[in-house]
Amino acid sequence: MPSERRDVLHSWCVQADWDAPTVVGGAGAWLHLADGRRVLDLSSQAECCNLGHQHPRLVAAIRAQAERLCYVANAWGAQPRAELAARLLERSGFEGGRVFFTLGGVDANENAVKFARQASGKPRGLIVTRDRSYHGASYMGMALSGDSRTQSQVDASAYGVRHVAPPYAYRCPFGGQSDEDSGLRAAAAVGQAIDAEGAAAVAAVLMEPDAGTNGIVAPDSYWPALQAATKERGVYLIADEVMSGFGRCGEWFAWQRYGEAGRPDMMTLAKGLTGAAAPLGAVVLSADVAGRLEHEMLYTGLTYCGHPLSCAAGVAALAAYEDEGLIARSKAMGGELLAELERLKARHPVIGDVRGGRGLFAVIELVADRTTREPLAPWPQTPPALKALVQAAMGEGLSLATRGNLIILAPPLVIEEDDLAAALAALDRLFSRFFPASAE
Ligand code: PLP
């Protein structure tokens with residue numbers, strides 16, 4: 001008798017504690033469980049199923065491509081690969097650039113680092129990233145990440161990575177007096193970190209422009225100031241858009257919120273690139289970076305680079321975002337979501353901060369005391385009452401993602417408005433039940 005619990009090694013958990021339902025299907029924002037229940041997916045699984053579950057266009061595209069050609073190596077041409085690259089370059093305004101395809105986010109980031117080091121002529125160049133970031137779980141990914149779960153597992157300095165403090169306006173590590181001030185100070189700190197090493201020693205700054213797995217939402221002042229700081233110093237800027245891309249933050253790519261003042265030298269993609277219907281990541285290189293690599297040997301490759309089935313899913317995903325107006329929908333619904341969360345915060349003092357809402361990505365941060373902002377549990381622990389709330393939510397057919405004291409709301413961009421409204425009403429009731437002392 002097959003047993004997931006007995007035979008599979010699951011990620012990011014203690015094996016003995018693993019206990020999750022089996023999913024057998026889905027439609028829109030809903031997952032269908034083996035026991036016959038339906039669950040509303042409020043995190044798009046790993047913030048990746050932006051198009052919901054079993055989107056018919058994705059299923060049809062993968063099926064059609066499978067019937068034509070399942071695989072050909074990256075050394076050969078493949079029609080959906082070329083088509084997807086052209087569409088990504090067009091969408092991002094990286095005309096004259098190139099796209100390198102990977103299997104997911106972490107290998108996109110690793111390869112972006114390689115390209116930055118090679119194109120800059122700094123083969124051992126340092127990479128500046130930040131604390132409370134997440135860039136993947138390979139050793140290089142963990143070195144790049146400023147994540148408490150990964151930092152203990154790797155010596156980041158051995159990988160040439162330096163971390164700086166994040167633009168965390170609610171708990172500003174730089175003593176910022178406002179969101180704007182906090183963003184500017186965090187960007188200035190990156191400039192100072194480059195200067196401390198000497199710009200000639202730094203190949204790139206690699207950061208998430210907006211939403212992040214660890215609940216940081218960069219203030220508006222941050223990214224353009226960061227771009228200016230890297231440009232001034234001749235250091236490449238790599239935007240990790242693995243989570244923030246494809247409408248999650250209300251734009252195709254989060255940096256586009258700032259127009260040309262936000263344009264990076266490279267960006268990395270995954271997750272929403274195929275709506276997670278097939279594994280795919282990408283590095284999009286500017287014309288300048290691509291030009292520097294044009295006549296050099298490229299020491300990288302993956303057997304499944306630009307897999308035709310995944311690229312066909314990517315082409316279909318881009319068409320679905322566009323034809324269904326999902327980027328604009330996410331922006332509009334994100335604003336409404338944040339407004340609802342503000343109302344929730346007014347009713348429940350355990351909520352210290354709500355942020356995000358530029359698209360369908362928002363964070364609820366819980367505190368023991370709103371005045372002192374004392375965390376409900378020390379980061380990255382999840383408070384028992386929050387764990388109980390999440391379990392009760394599941395009992396009501398709602399799947400919630402948490403990290404530490406945070407609830408991360410990132411539903412599929414296709415979620416029905418009524419479903420989201422019902423979920424938020426249920427969340428309100430659950431807060432009253434699990435944090436009664438703090439409810440009105
Ligand atoms: N970068 C960011 C911002 C992410 O959120 C993630 C995954 O959550 C990754 C990179 C790693 O992507 P993958 O798990 O596909 O390797």
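Everything numeric in this text was worked out from a predicted model, so none of it was measured.

S.K.: What exactly am I supposed to notice about the pairing of strand β4 (residues 98-102) here?
M.R.: Strand residues, when the strand is regular, have side chains that alternate between the two faces of the sheet. With respect to burial, β4 is a largely interior element, 4 of its 5 residues being buried. Sheet analysis places β4 next to strand β10 (residues 281-285), joined by 5 bridges and oriented antiparallel. Pairing of phenylalanine 101 across the sheet is with alanine 282, part of β10.

S.K.: What am I meant to see in the nonpolar core here?
M.R.: Core analysis: the largest hydrophobic core is formed by 131 residues, its most contacted members being Ile238, Met266, Ala282 and Val284. Looking at which element gives the most residues to this core, the answer is helix α11 (residues 308-323), with 10 residues. Two domains each donate at least three residues to this core, and these are domain 1 (4-55 + 325-438) and domain 2 (58-323). With near-sequence residues (within four places) excluded, isoleucine 238 lies in contact with Ala112, Ala116, Ala204, Val205, Leu206, Pro264, Asp265, Met266, Met267 and Thr268.

S.K.: Would you explain the packing of helix α8 (residues 179-197) against helix α9 (residues 222-232) in this entry?
M.R.: A pair of packed helices is characterised by two quantities: the angle between their axes and the separation of those axes. With their axes 8 Å apart at the nearest point, α8 and α9 run at an angle of 20° to one another. What the angle tells us is that α8 and α9 run roughly parallel. Between α8 and α9 the crossing geometry is right-handed. Along the contact surface, α8 presents Gly183, Leu184, Ala186, Ala187, Val190 and Gly191, while α9 presents Tyr222, Ala225, Leu226 and Ala229. Considered class by class, the residues forming the contact of α8 with α9 number 8 nonpolar, 2 polar and no charged.

S.K.: Sorry if this is basic, but what is going on with the sheet that holds strand β5 (residues 126-130) here?
M.R.: In spatial order, the strands read β4-β10-β9-β8-β7-β5-β6; together these 7 strands make up an open sheet with mixed pairing. Since the sheet does not close on itself, it has two edges, and those belong to β4 and β6 (161-164), each with one partner. Strand-to-strand, the axes of this sheet are offset by a mean angle of 20°, without reference to chain direction. Inspection of the sheet shows β5 paired to β6 by 4 bridges, in the parallel sense. Its bridge partner being in β6, isoleucine 127 is matched across the sheet by valine 161. Across the face of the sheet, α8 comes into contact with β5, β6 and β7 (202-207) while running at roughly 145° to β6.

The rules behind each value
Within any chain, residue numbers begin from 1 and follow the written order of that chain's sequence. With pLDDT at 70 or above as the cut-off, local features in this predicted model cover only qualifying residues; side-chain atom pairs require 80 or more to be listed or tallied, and sums for whole chains, interfaces and linings still use all residues. Residue burial here comes from a neighbour count, namely the number of other C-beta atoms, placed from the backbone, that lie within 10 Å of the residue's own C-beta, with 20 or more meaning buried, 12 or fewer meaning exposed, and in between meaning partly exposed. The helix and strand labels rest on DSSP assignments: H or I over at least four residues marks a helix, E over at least two residues marks a strand, and numbering proceeds from the N terminus. Strand pairing requires that DSSP identify at least two bridges connecting the strands. A set of buried residues qualifies as a nonpolar core if it consists of Ala, Val, Leu, Ile, Met, Phe, Trp, Tyr and Cys joined through C-beta atoms within 7 Å. Each domain's extent was defined by an automatic or database domain assignment. By the convention adopted here, residues make contact when the C-beta atoms placed from their backbones lie within 7 Å. For helices, the fitted axis covers only the stretch in contact; all axes are lines through C-alpha atoms, and the angles between them, taken along N-to-C directions, range from 0 to 180 degrees. Throughout, the term roughly parallel applies to angles under 35 degrees, roughly antiparallel to angles over 145, roughly perpendicular to angles from 65 to 115, and oblique to all others. Crossing handedness follows the turn of the near helix against the far one: under a right angle anticlockwise gives a left-handed crossing, and clockwise gives a right-handed one. Residue polarity is assigned by list, with Asp, Glu, Lys and Arg as charged and Ala, Val, Leu, Ile, Met, Phe, Trp, Tyr, Cys and Pro as nonpolar; anything else, Gly included, falls into the polar class.

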